[in-house]
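Each chain, written out:
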Amino acid sequence: MRIGLYPGTFDPITLGHIDIIRRASALVDKLVIGVAINRDKGPMFTLEERVVMIEAECAKLSEETGTEIVVHPFENLLIDCARDVGAQIIVRGLRAVADFEYEYQMVGMNRVLDSSVETVFLMAEARHQAIASKLVKEIARLDGDVSSFVTPLVFDELRKRLGKT
């Protein structure tokens, strides 16, 4: 069984993330969505809230693609998380050249730590390449319309969090 790991903070999950998840599902039998517990980033949503949103969105994708998709919170090194879930592949989404420079360094370090785990880069579709969770949160905080960047579920959760309902 080919297992892939798609890690991130997903605060919140965006249409760009969902696009990568959909396309990564075609490459593996099981896709683990690794939700990073990153206290330094000060997430808008709790780990539990992020997991619930991701599970809701991924249930639909799992049905559509036939790929088993599971959500797995983690707080250890990415390569250790890959080992924990039995992943042979780490899936990373790229939006711009700046993403590649950072990811290139990460691949090098991960290869030193465990050369048996490959990293695969997927570009988000052009219409999703500019979407970043950080920008979505900022636009939402400033009363901008983020409905074209997130699903209706996430849009509603953002509005609730910001007291806009």
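Along every chain, residues carry numbers that run from 1 in the direction the sequence is written. Selection of residues for local features in this predicted model requires a pLDDT of at least 70, selection of side-chain atom pairs for listing and counting requires 80 or more, and totals for whole chains, interfaces and linings are taken over all residues. Note that the side-chain values use all heavy atoms of the structure and ignore hydrogens as well as water.

Draft legend 1. Quick peek at the packing of helix α1 (residues 15-25) against helix α2 (residues 47-65). Comment: axis = line fitted to C-alpha atoms, over the contacting stretch for helices; angle = value between 0 and 180 degrees taken between N-to-C directions. The helix count covers DSSP runs of H or I at least four residues long, the strand count covers runs of E at least two residues long, and both are numbered beginning at the N terminus. Orientation of α1 relative to α2, taken along the N-to-C sense of each, is 30 degrees, at an axis distance of 10 Å. Viewed along their axes, α1 and α2 adopt a mutual orientation that is roughly parallel. Note on packing geometry: the crossing formed by α1 with α2 is right-handed. In contact with Ile 18, Ile 21, Arg 22 and Ser 25 of α1, α2 contributes Glu 57, Cys 58, Leu 61, Glu 64 and Thr 65. Put simply, angles under 35 degrees are roughly parallel, angles over 145 are roughly antiparallel, angles from 65 to 115 are roughly perpendicular, and the rest are oblique. Crossings are classed by handedness, with left-handed meaning an anticlockwise turn of the near helix from the far one by less than a right angle and right-handed meaning a clockwise turn. Every residue pair with non-hydrogen atoms within 4.5 Å of one another is taken to be in contact.

Draft legend 2. Spotlight on the side chain of Lys 137. Relative to the helices and strands, Lys 137 is located in helix α5 (residues 133-141). A distance of 2.8 Å separates a polar atom in the side chain of Lys 137 from a polar atom in the side chain of Asp 11. Apart from residues lying up to four places away in sequence, Lys 137 is in contact with Asp 11, Pro 12 and Met 44. Two N or O atoms form a polar contact when they lie within 3.5 Å of each other; inside protein one atom must be a possible hydrogen donor and the other a possible acceptor, and for residues adjacent in sequence the pair counts only when both atoms belong to side chains.

Draft legend 3. Representation of the sheet that holds strand β1 (residues 3-8). In this scheme, strands are said to pair when DSSP sees at least two bridges between them. Read from one edge of the open sheet, 5 strands run β3-β2-β1-β4-β5, paired in parallel fashion. For this open sheet the edge positions go to β3 (68-74) and β5 (118-123), each flanked by a neighbour on one side alone. Neighbouring strand axes in the sheet, compared pairwise and without regard to direction, differ in orientation by 30 degrees on average. The pairing of β1 with strand β4 (residues 89-94) spans 2 bridges and is parallel. Along β4, the bridge assignment pairs Gly 4 with Ile 89. Sheet contacts for α1: β1, β2 (30-36), β3, β4 and β5; angle to β5, the most-contacted strand, approximately 125 degrees. The strands touched by helix α3 (residues 78-85) within the sheet are β1, β2, β3 and β4, with β1 carrying the most contacts at an inclination of about 145 degrees.

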